[in-house]
Structures are given as C-alpha cells and as structure tokens.
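# Analysis of the macromolecular model
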Amino acid sequence: MERVRGFFLKANQELSSHHSYTIYKQVEDQRKQLEEDEKQEEEEESPAALIMDMELRTTNQGQKQGESGRQNLTPKIITHLILINLLVFTVAFLLGYIAFRGSCQSCKDSVSEVSDEELNPDTSGSTLYWADLRDMFHKYLAEEQLRSSIRTISLLERSSGSPGMTTLSHQIRDMFSQQKLDHVWMDTHYVGLQFPDPIWPNTLHWVDESGNALRELQLEDPDVYCPYSANGSAVGGLIYANYGRLEDMEALQEKNLDIKGHLLLVRIGQVSFAEKVSNAEAFGALGVLIYPDPADIHPDPHKKLRLSNHTAVYGHVHLGTGDPYTPGFPSFNQTQFPPVESSGLPSIPVQPISADITAQLLGKLSGPEAPQEWKGNLSDAPYRLGPGPTLRLVVNNHRTSTAIISIFGCIEGHSEPDHYIVIGAQRDAWGPGAAKSAVGTAILLELVRTFSAMMRNGFQPRRSLLFVSWDAGDFGNVGVTEWLEGYLTMLHLKVAVYVSLDNAVLGDDQFHAKTSPLLTSLIESILKQVDSPNHSGQTLYDQMVVPGQSWEAEVIRPLPMDSSAYSFTAFGGVPAVEFSFTDKGPPYPFLNTKEDTYKNLHGALQGRLPAVARAVAMVVGQLLIRLSHDHLLPLDFGCYGDVILKHIGRLNEFSGDLKARGLTLQWIYSARGDYIRSAEKLQKEIYRSEESNERLMRMYNVRIMRVEFYFLSQYVSPAIYPFRHIFLGQGDHTLKALLEHLQLLRSKEAENGSLRYSRPHFEEGHFRHQLALLTWTLQGAANALSGDVWNIDNNF
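The next subject is the overall build of the protein. Across its full length, the protein carries 28 helices and 17 strands. Expressed as a percentage of the 796 residues in the protein, the buried residues total 52%. The contacts of the protein with a sequence gap of at least 6 include a subset with a gap of at least 24, amounting to 79%. Put simply, the protein shows about 35900 Å² of open surface, and 52% of that area lies on carbon and sulfur atoms.

Right, let's talk about a nonpolar patch on the surface for a bit. Taken together, the side chains of Ile-78, Ile-82, Leu-83 and Leu-86 define a hydrophobic patch exposed on the protein surface, amounting to about 370 Å² of accessible area. The topology assignment puts Ile-78 in helix H5 (residues 75-106).

Looking at where Glu-595 falls in the secondary structure, it is placed in the loop between strand S17 (576-582) and helix H19 (598-604). Within the structure, the side chain of Glu-595 is placed 2.6 Å from the side chain of Thr-311, a separation counted as a polar contact. With near-sequence residues (within four places) excluded, Glu-595 lies in contact with Arg-306, Leu-307, Ser-308, Thr-311, Tyr-588, Phe-590 and Asn-600.

Another point: the packing of helix H13 (residues 434-456) against helix H20 (residues 609-629). Running from N to C, H13 and H20 cross one another at 50 degrees; their axes reach a closest spacing of 10 Å. Our classification of the angle between H13 and H20 gives oblique. Both H13 and H20 take part in a crossing whose hand is right-handed. Seen from H13, the contacting residues are Val-439, Ile-443, Leu-447, Phe-451 and Met-454; seen from H20, they are Leu-609, Ala-613, Val-616, Ala-617, Val-620, Gly-621, Leu-624 and Ile-625.

Attention now moves to the environment of Ala-617. Along the chain, the position of Ala-617 falls in helix H20. Residues Ala-617 and Ala-142, spaced 475 residues apart in sequence, show a C-alpha to C-alpha distance of 10.0 Å. In this view, Ala-617 contacts Phe-137, Leu-141, Ile-443 and Leu-447; residues no more than four positions away in its chain are not counted.

What follows concerns unusual backbone geometry. In this chain, Gly-386 is followed by Pro-387 through a cis amide linkage whose omega measures 5 degrees. Position of Pro-387 among the secondary structure elements: in the loop between helix H12 (355-362) and strand S10 (390-395). With a phi angle near 65 degrees, Asn-592 is a residue other than glycine that sits in the positive phi range. Here Gln-606, not a glycine, exhibits a phi torsion of approximately 55 degrees, which is positive. Note that Gln-606 resides in the loop between H19 and H20. On the basis of relative accessibility, which here comes to 64%, the residue Gln-606 falls in the exposed class.

Turning to the sheet that holds strand S12 (residues 416-426), a few remarks are in order. Spatially, the eight strands line up as an open sheet ordered S3-S11-S13-S12-S14-S17-S15-S16, and their pairing is mixed. With one partner strand each, in any of the chains shown, strand S3 (183-195) and strand S16 (556-557) form the two edges of the open sheet. Pairing between strand S15 (residues 510-515) and S16: two bridges, direction parallel. Each bridged residue has a counterpart across the sheet, and for Lys-514 the counterpart in S16 is Arg-557. Those strands touched by helix H24 (residues 694-705) are S12, strand S13 (463-470) and strand S14 (495-500), and its axis lies near 35 degrees from that of S12.

Right, let's get into the pairing of strand S4 (residues 203-207). Burial analysis of S4 places five of its five residues in the buried class, which makes it a mostly covered element. Covered by surrounding structure in S4 are Thr-203, His-205 and Val-207 together with Leu-204 and Trp-206, the residues of both alternating faces. Across four bridges, the pairing between S4 and S10 is antiparallel. Looking at S10, one finds that Thr-203 is bridged to Val-394. Bridging between S4 and strand S5 (residues 213-216) involves three bridges; their strand directions are antiparallel.

Here the focus is the pattern of salt bridges. Enumeration over the complete set of coordinates arrives at 22 salt bridges. Close ionic contact of Lys-436 with Asp-474 constitutes a salt bridge, the shortest N to O distance being 3.7 Å. Within this pair, whereas Lys-436 is found in helix H13, its partner Asp-474 is found in the loop between S13 and helix H14 (478-494), the two being separated by 38 residues in sequence. With a relative accessible area of 5%, Asp-474 lands in the buried category. Note that Asp-674 is salt-bridged to Arg-677, the shortest N-O span being 2.4 Å. Taken as a pair, Asp-674 and Arg-677 lie in helix H23 (residues 666-688) at a separation of three residues, close to a single helical turn. A relative accessible area of 47% means that Arg-677 is categorised as partly exposed.

So, on to the confidence of the model for the protein. When the pLDDT values of the protein are averaged, the result is 84; 81% of them are 70 or greater. For residues 100-125, every residue scores under 50 in pLDDT, and the model assigns this stretch 53 contacts once sequence neighbours within four places are set aside. Scored below 50 in pLDDT, residues 750-755 makes seven contacts in the model with residues more than four places away or belonging to other chains.

With that out of the way, let us pick up the packing of helix H26 (residues 735-743) against helix H28 (residues 764-785). At their nearest, the axes of H26 and H28 sit 10 Å apart, and the two run at 150 degrees to each other. When the interaxial angle is binned, H26 and H28 end up roughly antiparallel. When you trace H26 past H28, the crossing you get is left-handed. Residues Leu-735, Ala-737, Leu-738, His-741 and Leu-742 of H26 pack against His-766, Phe-767, Gln-770, Leu-771 and Leu-774 of H28. Classifying every residue of the contact of H26 with H28 by side-chain character gives seven nonpolar, three polar and no charged.

Let's shift gears to the sheet that holds S5. Pairing in this open sheet of seven strands is mixed, and the strands run S5-S4-S10-S6-S7-S8-S9 from one edge to the other. At either margin of the open sheet sits one strand with a lone partner, and together these are S5 and strand S9 (350-352). Averaged over all neighbouring strand pairs, the angle between strand axes comes to 35 degrees, with direction disregarded. The strands touched by H12 are S4, S5, strand S6 (232-240), strand S7 (263-267), strand S8 (287-291) and S10; relative to S4, the strand with the most contacts, the crossing angle is about 15 degrees.

The subject of this paragraph is the packing of aromatic side chains. Counted under the stated rule, the structure contains 28 aromatic pairs. With a centroid separation of 5.5 Å and an interplanar angle of 50 degrees, the aromatic rings of Phe-137 and Phe-451 are classed as tilted. With Phe-137 in helix H6 (residues 130-140) and Phe-451 in helix H13, the pair connects residues that are 314 residues apart, well separated along the chain. Residue classification places Phe-137 among the buried positions, given a relative accessible area of 0%. Residue classification places Phe-451 among the buried residues on the basis of a relative accessible area of 0%. Ring geometry for Tyr-314 and Trp-430: centres 5.2 Å apart, planes at 15 degrees, overall stacked. Taken as a pair, Tyr-314 in the loop between helix H11 (294-297) and S9 and Trp-430 in the loop between S12 and H13 lie far apart in primary sequence, 116 residues in all. Here Lys-528 stacks its cationic end above the ring of Tyr-541, 4.9 Å away from the centre of that ring.

About the cut-offs
- Residues numbered from 1 in each chain as written.
- Predicted model: local features only at pLDDT ≥ 70, side-chain atom pairs only at ≥ 80, totals over all residues.
- Heavy atoms only, no water.
- Helix = DSSP H or I, 4+ residues; strand = E, 2+ residues; numbered from the N terminus.
- Buried < 20%, exposed > 50% of the residue type's maximum accessible area, 1.4 Å probe, protein only.
- Contact = heavy atoms within 4.5 Å.
- Areas by Shrake-Rupley, 256 points an atom, 1.4 Å probe, with all protein chains shown as cover.
- Patch = residues over 30% accessible without salt bridge, like charges linked within 9 Å, V, L, I, M, F, W, Y side chains within 5 Å.
- Salt bridge = Lys/Arg side-chain N within 4 Å of Asp/Glu carboxyl O.
- Polar contact = N/O pair within 3.5 Å; in protein donor to acceptor, adjacent residues only side chain to side chain.
- Axes fitted to C-alpha atoms, helices over the stretch in contact; angles between N-to-C directions.
- Parallel < 35°, antiparallel > 145°, perpendicular 65-115°, else oblique.
- Left-handed = near helix turned anticlockwise from the far one by under 90°.
- Pairing = 2+ DSSP bridges.
- pLDDT = per-residue confidence, 0-100.
- Nonpolar A, V, L, I, M, F, W, Y, C, P; charged D, E, K, R; others polar.
- Phe/Tyr/Trp six-rings, centres within 6.5 Å; stacked < 30°, edge-to-face > 60°.
- Lys NZ or Arg CZ within 6 Å of the ring centre and 35° of its normal.

Okay, here's the thing in structure tokens:
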C-alpha cells in the first residue's frame, strides 16, 4: 500500500511544481504592484493631477473670452440650446440601447453553441473565456500521470469489503483533501453481497439416469462465480441456447426442443448475464452455464492477445441495480426494513465456465445441428442443440453483510452552489480490473487534480462539481444506487447532470456516448473540439463521422442497465452520460477476468492507452466546464419532442385495431404537442431575457435541469418499479410495455403461449389504464416545462 501513498504524494508534488497560469494575476503580484505604484506617486504627479492642472489652465485662459461671450446669450437662446441637447441625448441613448439589445440577442441563437463568449465575469476584475478555460485544462491535464495511475491502481487488491479496499478508500479521501477541495467526506452502506464459499466450492458433474455422480468436470478457478445466483443443485439434460436471448428461446421452441426441466448452455454477448438467466428461467430452465466463445472475443486465431481457453468470465445475475435485499430503500445500518428481495433475483443456479469445459460439453450433445449463425469457433465442437447427457450443477455461494464505502469531494460553485454536476467512477474490481475500474478511477483522480490546479489559478465554476469514487460496482452498481435511494428526495432537485467514467477505454477505433437525449447536442459540439488520439489532424468528430451517415448513428447509444449512468437517469431522473472507446468488431476480451491487467490493456491498444485515456479526460473535462460554467445549462430540452414522436410513432400501425374497440391515440399525440409548445415557449423566453439577470437564469436552469425527472412516472411505487422512466425504465408503466401489450392484438406467438409477453392475451381494461397513466405523464412533463401554473395554456 506504500505504492499507493507514493502515487498520491507524487501527484501532489507535480501539482505544486506547475507555474501559475499567466492570464490570471495572483494576489501577491497585485500587492507588489500596489506598493510600486505608491512609491512612484511620491516621486511624480499622477495622471489625474496633470489632467486637472490642464483643465484649470484652459479655464483660466478662456475666462475672459467666456465673460464677453455670455453677454450675447439671451434667455430664449439658452432655452433652445438646452432643448436641442436633451433631444440629442435622448436619441443617442435609444440608439445605443437598441444596438446593445441586438448584440445580446445575437449570441443566444443556440443554447448549446460553443463560442468564445465570456463564460464568467469575475468580480476581481479578471475575465474567463471559453478558449482560456479550455487551454488551461489542456495545460494541466497530465498524460504521464494517467499512465502511472492506471498501472498503480490495477496492481492493488480492490474487491468490495476487503482490507485493501478499505485502505484505498482512505487514501483517496486523503488525496481529495490534499487537493484542497471545499468538502470531502465518505458514505458507508451495509449491503448484502454474495461470494463463493472457499470450503464448499461450486461443482459440475456428469450423472447417470439415477442421479449418481459419474465424473466431475473440474472448474479451473473456484473464485470465478456469478453473484446473486440461487444456491442449490440443478439436475437435467443440457441444451445449447446460443446467446440466451428471447428470440433464441423461441427458435428452440420452433424446433420442438422443450427448455423446461433442462440446463441451458449460453455464450457471452448480445445481452447481459442477468437477462440471459431471466429468459432461461421464464422458459422453465433449471440452471444456466455461461461461457466465452472464441468467435465473440477474438475471431482472428493469429492474434497474439487471446483469452485463455481455461478462463471463465465473472458477472452478476441480478436483473436490476443496487442491493437486491433492500429494493427501493437505502442500505444504511440503522434501517430496519422487513426481509424482502428484489424481483430481479433469479431462483435457479448459474455458473460461468471456460471454453475448454464447454468444448467437452458440446462434444456430448446430440439432437439437431445448430443454425450456422449460432456456431462459434471452438475447435472440434459440433455445435448441436441437444439435449445431451444429464448434468448436476451445484452452487454454494454465500451472502455476507458488507460495508461499502463511497468517497466524495466537492468544488463548490459561486453562483448556484446547490446545483451539482456529478462525476463518478467505479473503484472496486474482481481481479486486476485495469479496464473495468482502474482507468476510470485514474481519470477521476486526474480530473480532481486538474480542476484543483485551475481553481488555484482563478477558475470559479458557477455550479458545484461533485467527484465520487463508487464501491461495489461489480455487483450491479450497488454503491451508486444505494446513494440515490438514500437521498432521492433531494438529489432530483440538485443534481443537474451525471457523468460516468466506467468502461472508458476498451479499445480505440470507435467512440460511443451512452447518453440521455438532453446531452446529445452538447456532446456533438465538444467532439468537434477534441483531438483524436490516433488520427493526427482530426477531431474525434472527424474520426467517427462517416460521409453520408448521421453522426448520432455512429456515436450515440442508449443507456444500458449495467451502467451507473442508467441508475441516475432511469431511477433518479437525472440526465447522464457514459463515454467509451471501443474496438470495431469483438470487444476487449479480458473484461471481468483475472487477465484484465495493465499489460494486456496497454497491449490491446498497441501502446496508446495513456493517449486514449487522456482523450476521454479531455471530452469529460470540456463537458464539465460547459455544464458548470455556462450561465444557462446547455441541455437541449426541446429534443424530447422528437424522442416522444419516435416512440409513439410505433403505435400508429395499431390505430385501426384500437378504433374498432372505441379507443384512440389522440390524447397521447395531444400531450406530445403540448410538450413541444411548452419547449418553444421557454426557448423564446430565454431568447428575450438578459443573461446578466442571475435570478431569471436560475429560474430557467431549475426548469431545464428537471426535464428528465418529469419523465419518471409518478403513478408507480419506486419500491416496486425502481426504474420509473417511461422511455428507459422497466415495468408496466413504460411505453415499451404499452407497445408489447398492443402487439398481442396481432401476434400469433401470443396465441401459441409465447413467454415473450407478460400476459397471455390483450386486456382492454388494463390497456386503458396503461394508456391513461402514460398520457398523463407526458402531459405532466409539458405542464411542468411551462413554469408557473398561471403560465400553463395547454387546453388538454
């Protein structure tokens, strides 16, 4: 652990060695200049005194002429002169005011446009411009520090609840304090985590028809497991189910292969571990084995960096986030909730296995041959569907109440300190976790150091910057979700945006932003100003955009459930984003394995890891400057009009079916129209307003930052449906659920009893209930965006 302390001390020393940024005068320099000016005043007359002396001389010289001139001025002439002067002054004043107003309005054509306009008029006299802040951030961000931090952190033991993790937590807290942040504290939760039993490891056996064990298939690493798997024994024949998606299950049904009562073998990819297990359980499977197929992780057999065929991949199987034993509630030690479990916990055992063991299993399968697109690259494996000989899977994981620690550091804003921009990174890792969490943590620490250096040189954000190092991310973003659950009543009023640094570097060919629609326009403008790490002379925008293609199609992705950003948006109603560099084709092969080391990650990027990590930091840093410093939050609240239209447009094809039942979609379209009108009205108000009016800007910002929250359904309980977002969430209240219900009107699969749908047939009464609540959620968003109740003119 001395290595960690040395790393933090080194970072602090490097910070102190930087020179002050020259465009900002230091307080000491101002004092010295003041003393020198006082000495000069003793030796020579001031410019003001010289000007007064010149004025006196001119007055004396012209006194006689003035006396003779006054004799010719009559009262009538004096009156005319006064009136003419007043007229000239009034006309000049009006022309100047009109010109000033025109210049103010011209800079507000686009809320999210980046320009070199003044970002912050500092009361001390210095002026900060966007270009100055960007150059300052670029100057202090250290690529070498990122490289050193990633290497050091990846060598530390960082599993949640371990002594090493506790020590690292205190080291990061001390580092935050050394950087002179305004507020530093730690937040502890006591959560239920699951670990493998060292005495009774998980096992896999061939068994005979009577259930007696024949031969054990030795699991190479007993430490590899699936947190939140059900414990117990599962015995049954084996069926190969490709990726374990719903369409894969239905394809097996079409081939008359009954999944019920069998164990499923599924490969990694396409959907999460939790979704694979949930689908298998829904179709009646007794257990699941998950393996990495070479076709999904390294299709080129000649590539040097390859995942070993004896390596299994770790992954939790809770279909949700947070502590599954306190769903919807915070896991503080003093809480005494009755025993309850998340509905996303599986009731069947699950175990990850290696490609080598999988080859042995596939070799024993009989039945029809798998479709060509289901076949992987395991040598000598026939890839048949099964069923095969009987297996017995035994899982003995144990649940432990574990203290997890998240560390917070805050730079307080000077104008809107109660509005936060939150930046977070997962700190824990199963194994070395170089890509999993070491890169994100290193970027977080470097951002803290860089912004701290900027603060010492005159930078003052309008809004507060809150830096967070999260714990228990590998168990389903437990630290993030528990914090949101604990402070949800206040956070949706204070957090403007969340930025996740997790999974930031998994390659360098492509750059993706998994984001809320509110941030899309801002991301586009920033990508045009950040250099590509591996394409000289190009920006990230140039690297990613293909001629004739939409940039959004290349860069923007929806928020996945396994991202901490998803919890902020779908649960907390806060716009969020997670940036990731990835490779074209198969993903980084070592993620969630003991081979996720600095050496392998650095090698996979051909030595460009520090440069790529710095590019991510540049994107995030510029995003933070804009979000914390712009007078008006650069969130594109108008974009949700198009998002709503895109989603409800899929309902149109069922309008005839609904009309036959006396139902209509008119009101949901009306709510969408009201939202668009409310957004346009707010945009016009902003256009006509003065940016210097702090009270007015704050009122607008409050309305803008809560837009995402407006799309959380207020008609369902967060304890039952934690992800209440009607577009991104999970549950009966979402637009996705409404569409699935509509599809029952025509689907033959529903008639045949497909488990793709949550109900066997269309239920008109329940559909009316879904449609009414969804419509009013949209209408509520439109009303809220209108501002005060007396400003609502929607005739709904």
